[in-house]
Amino acid sequence: METVSIKLVKSLIGSKVNQLETAKTLQLRKIGDVSVQPNNAATQGKIRVLAHLIEVTAGGAQA
């Protein structure tokens, strides 16, 4: 299964409630946190919500 690695690179301070909840579901709490998620439609939607706060790379270590 393909995965994507998502890294929080900007602060969540001042973010909207939906952005905070989305970051929480991706297990991103502080700058530098990295989450490996399956590359599917649900994950792509979450990436779209947080696009200005995160850095996404293809692949990632299997958890």
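Structure: above.
Residues numbered from 1 in each chain as written. Predicted model: local features only at pLDDT ≥ 70, side-chain atom pairs only at ≥ 80, totals over all residues. Heavy atoms only, no water.

Engineer: When you look at unusual backbone geometry in this model, what are you seeing that I'm missing?
Structural biologist: A negative phi holds for most residues other than glycine; trans holds for most peptide bonds. A positive phi angle, close to 60°, is found at Gln27, a residue other than glycine. Here Gln27 is to be found in the loop between helix H1 (17-25) and strand S2 (34-38). (Helix = DSSP H or I, 4+ residues; strand = E, 2+ residues; numbered from the N terminus.)

Engineer: Would you explain H1 in this entry?
Structural biologist: In an α-helix, one full turn covers 3.6 residues, which means residues spaced three or four apart are oriented alike. Inspection of H1 places Gln19, Thr22 and Ala23 among the buried residues, and these make up the whole buried set. Looking down the long axis of H1, one finds its buried residues gathered within 100° of arc, a one-sided arrangement. In H1, those exposed residues whose orientation departs by more than 90 degrees from the buried face are Val17 and Lys24. The inward-facing, buried residues of H1 contact helix H2 (41-49). Where H1 terminates, the next one or two residues include Gln27, which has phi positive at roughly 60°. (Buried < 20%, exposed > 50% of the residue type's maximum accessible area, 1.4 Å probe, protein only. Arc of directions from axis to C-beta. Contact = heavy atoms within 4.5 Å.)

Engineer: Is there a simple way to explain the pairing of strand S1 (residues 3-8) in this structure?
Structural biologist: Both faces of the sheet carry side chains from a regular strand, because those side chains alternate between them. Taking burial as the measure, the 6 residues of S1 include 5 buried ones, the bulk of the element. As judged from the 5 bridges shared by S1 and S2, these two strands associate in the antiparallel manner. Within the sheet, the bridge partner assigned to Lys7 lies in S2 and is Val34. (Pairing = 2+ DSSP bridges.)

Engineer: Help me understand the environment of Leu12 in this model?
Structural biologist: Of note, Leu12 is situated in the loop between S1 and H1. The buried category is assigned to Leu12, whose relative accessible area is 15%. Counting along the chain gives 18 residues from Leu12 to Lys30, while the straight-line C-alpha distance between them is 7.7 Å. In contact with Leu12, not counting residues within four places along its chain, are Leu20, Ala23, Leu28, Arg29 and Leu53.

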